[in-house]
There are 2 protein chains.
Amino acid sequence: MDVRTLCLGVLALGESSGYEIKKTFEQSFHHFFGASYGSIYPALAELERAGWVEVEAVEQSKRPDKKVYRMTRAGRLALEERLAAEAPRHRVRSEFLVLMYFAHLLPPNRPAAVLDAMIERMTHTLEVEFSTCDAGDAELTPGQRFALGYGRAVYTAALRYMHEQRDDFLAEVAATDAAGPGWPDGGLAVAGE
Amino acid sequence: MDVRTLCLGVLALGESSGYEIKKTFEQSFHHFFGASYGSIYPALAELERAGWVEVEAVEQSKRPDKKVYRMTRAGRLALEERLAAEAPRHRVRSEFLVLMYFAHLLPPNRPAAVLDAMIERMTHTLEVEFSTCDAGDAELTPGQRFALGYGRAVYTAALRYMHEQRDDFLAEVAATDAAGPGWPDGGLAVAGE
DNA sequence: GGGCCCATGTAATTAGTTACATGATTAT
DNA sequence: ATAATCATGTAACTAATTACATGGGCCC
């Protein structure tokens, strides 16, 4: 699935500008789909070329003009077709877990710093992204509630695991460091970058 | 982080061929990092060019030759440098959750099929990938145990959530379908692809 | 005066997948 | 016989990120 389809999906929920779509990605899709301006704006242009969305330039007082996109009937059908044909993959790419996996090759304080930063980040996400509609979720579609609840369940479990394991894990890594060929190892070649 | 670094990481755990590295990716990294032959073999060639690994061609009886890669001292330093400089990102791209999010736009039986397939897939992963070293994890580094435990925690939580929500979610989606503009909508334009 | 929010876009680069190409052996 | 496993690699393509480019308004 590409960003084009996702943008069309956002537009299925209501008209929006490129900038606002990016906000939606950050607020609602963050835990399962990411996209930058560099992919959103070209995607929107292509959707227009295909006739799946229409644009209206909205002048704003003391703001740059806004281009508000609205899905067409053809766009709706195209979206349904795309979704129906979509293979439901589920990929994670986590440099965080790679770093934990190779924790014994990191400089002494890095594993703790990386782990704590992730704990903080996920705690924040849990508070901000997943609590917004905690009880009053009447406005959401079943799918939105499901995806949100999934994220909440997973983040909660991840945080619980990280809290539980943190101290033991860090101690064991330190012990492994001491046993193996430690970090300041040749010493010099590491400074730059 | 690119596949090059990960291959070097695998080689830090012991010598290996491209084919075996792929197996390692599938067995150990599957839940947080994926890579295909199309990226592994070129990566290995680059690592060799850089002097970070050495190759030995191993003849085999009744098998194609195997190229066994071994990390060099320079490779070890390069790996540590890379890992030290690495920003610990954590990205998920899930067409599965996109499909659930837009479940009301799917043909009637698709949400259930997709959800059940994911439940089955994750159940299988939990049994195969995460149980192998359930108690006897003496051989593993702390990092390996941490990453494995993380995956197990997350998959377990995801499965619990999906089991808990399944029936209600599916019923609500069906109800939304009935209310809104349903799937066999124009009817025709959907057959192909 | 510095930094963030609004707002849109392009170009260069990076990084990866999929399909192709080959071919013997082993298990069902 | 048919599929899976072992084994390596390339070429075409897809898709996205990052950095660049621009500029006013608002808040501290």
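About the criteria used
Residues numbered from 1 in each chain as written. Chains lettered and ligands numbered in written order. Predicted model: local features only at pLDDT ≥ 70, side-chain atom pairs only at ≥ 80, totals over all residues. Heavy atoms only, no water. Helix = DSSP H or I, 4+ residues; strand = E, 2+ residues; numbered from the N terminus. Contact = heavy atoms within 4.5 Å. Areas by Shrake-Rupley, 256 points an atom, 1.4 Å probe, with all protein chains shown as cover. Phe/Tyr/Trp six-rings, centres within 6.5 Å; stacked < 30°, edge-to-face > 60°. Buried < 20%, exposed > 50% of the residue type's maximum accessible area, 1.4 Å probe, protein only. Pairing = 2+ DSSP bridges. Near = heavy atom within 4 Å. Polar contact = N/O pair within 3.5 Å; in protein donor to acceptor, adjacent residues only side chain to side chain. Nonpolar A, V, L, I, M, F, W, Y, C, P; charged D, E, K, R; others polar. Buried area = accessible area lost by both parts, 1.4 Å probe. Salt bridge = Lys/Arg side-chain N within 4 Å of Asp/Glu carboxyl O. Core = buried A, V, L, I, M, F, W, Y, C linked by side-chain atoms within 4.5 Å. Least-squares fit on C-alpha atoms with pLDDT ≥ 70 in both.

Asker: Outline the overall build of chain A, supporting the account with residue identities and numerical values.
Answerer: Looking only at helices and strands, chain A has seven helices and three strands in total. Moving toward the C terminus, one meets the helices and strands of chain A in the order α-α-α-β-β-α-β-α-α-α. Taking contacts inside chain A between residues at least 6 apart in sequence as the whole, the part at least 24 apart equals 57%. A total of about 9,600 Å² of accessible surface is found on chain A, and carbon and sulfur atoms cover 52% of it.

Asker: Hey, could you go over the packing of aromatic side chains for me, with residue numbers and the actual values?
Answerer: A complete count under the given rule lists 26 aromatic pairs over all chains for this structure. For the pair Tyr101(A) and Phe102(A), a centre-to-centre distance of 5.0 Å together with 65 degrees between the ring planes defines the contact as edge-to-face. Accessibility assignment for this pair places Tyr101(A) and Phe102(A) in one class, buried. Relative to Tyr41(B), the ring of Tyr37(B) lies with its centre 5.6 Å away and its plane at 20 degrees, an arrangement referred to as stacked. With Tyr37(B) and Tyr41(B) both in helix α3 (residues 37–49) and four residues apart, this pair spans about one turn of that helix. According to the relative accessible area criterion, Tyr37(B) is partly exposed, its value standing at 30%. Among the residues examined, Tyr41(B) registers a relative accessible area of 41% and is labelled partly exposed.

Asker: Residues and numbers for the pairing of strand β3 (residues 90–94) of chain A, please.
Answerer: Only one face of β3(A) is buried: it carries His90(A), Val92(A) and Ser94(A), and the other face, with Arg91(A) and Arg93(A), is open. Both β3(A) and strand β3 (residues 90–94) of chain B contribute to a ladder of five bridges, which runs antiparallel. Its bridge partner being in β3(B), His90(A) is matched across the sheet by Ser94(B).

Asker: With reference to specific residues and values, describe the protein's contact with DNA strand D.
Answerer: Around DNA strand D sit 25 residues in total, of which Ser36(A), Tyr19(B), Gln60(B), Lys67(B) and Arg93(B) are the nearest. Restricting the count to atoms of DNA strand D within 4 Å of the protein gives a sugar and phosphate share of 72%. Separating a phosphate oxygen of DNA strand D from a backbone N or O atom of Met1(A) is a distance of 3.5 Å. A distance of 2.9 Å separates a phosphate oxygen of DNA strand D from a polar atom in the side chain of Tyr19(B). For the surface near DNA strand D, the secondary structure elements donating two or more residues are α3 (37–49) of chain A together with α2 (18–29), α3 and β2 (66–71) of chain B. Residues that form the surface near DNA strand D fall into these classes: eight nonpolar, seven polar and ten charged.

Asker: Tell me about the interface of chain A and chain B, and please be specific about residues and values.
Answerer: If you look at the interface, chain A gives 73 residues, while chain B gives 74 residues. Across the interface of chain A and chain B, roughly 7,400 Å² is buried in total on both sides, 65% from carbon and sulfur atoms. Inspection of the region where chain A meets chain B yields six salt bridges. For the interface between chain A and chain B, the tally reads 30 residue pairs in polar contact (both at pLDDT 80 or more).

Asker: Which residues make up the protein's contact with DNA strand C, and what are the values?
Answerer: Taken together, 24 residues lie near DNA strand C, and Tyr19(A), Gln60(A), Lys67(A), Arg93(A) and Ser36(B) sit nearest. Atoms of DNA strand C within 4 Å of the protein: sugar and phosphate make up 75%, bases the balance. Residue Gln60(A) places a side-chain N or O atom 2.6 Å away from a phosphate oxygen belonging to DNA strand C. With respect to DNA strand C, the side chain of Arg89(A) contributes an N or O atom lying 3.1 Å from a phosphate oxygen.

Asker: Give a description of the nonpolar core that names residues and reports values.
Answerer: Judged by nonpolar contacts, the single largest core of 102 residues is most densely connected at Phe25(A), Phe96(A), Met162(A), Phe25(B), Phe96(B) and Met162(B). Not counting chain neighbours up to four residues away, the residues in contact with Phe96(B) comprise Pro88(A), Arg89(A), His90(A), Phe146(A), Tyr150(A), Val114(B), Leu115(B), Met118(B) and Met162(B).

Asker: Any details on the relation of the copies chain A and chain B? Residues and values, ideally.
Answerer: Taken as rigid bodies, chain A and chain B are interconverted by a rotation of 180 degrees and an axial shift of 0.0 Å, the fit giving an RMSD of 0.0 Å. Interpreted geometrically, this transformation is the action of a two-fold axis. Relative to the rotation axis, the C-alpha of Val92(A) is the closest in chain A, positioned 2.2 Å from it. Of the interface residues in chain A, 100% have counterparts in chain B that sit at the interface too, so the contact is made through matching surfaces.

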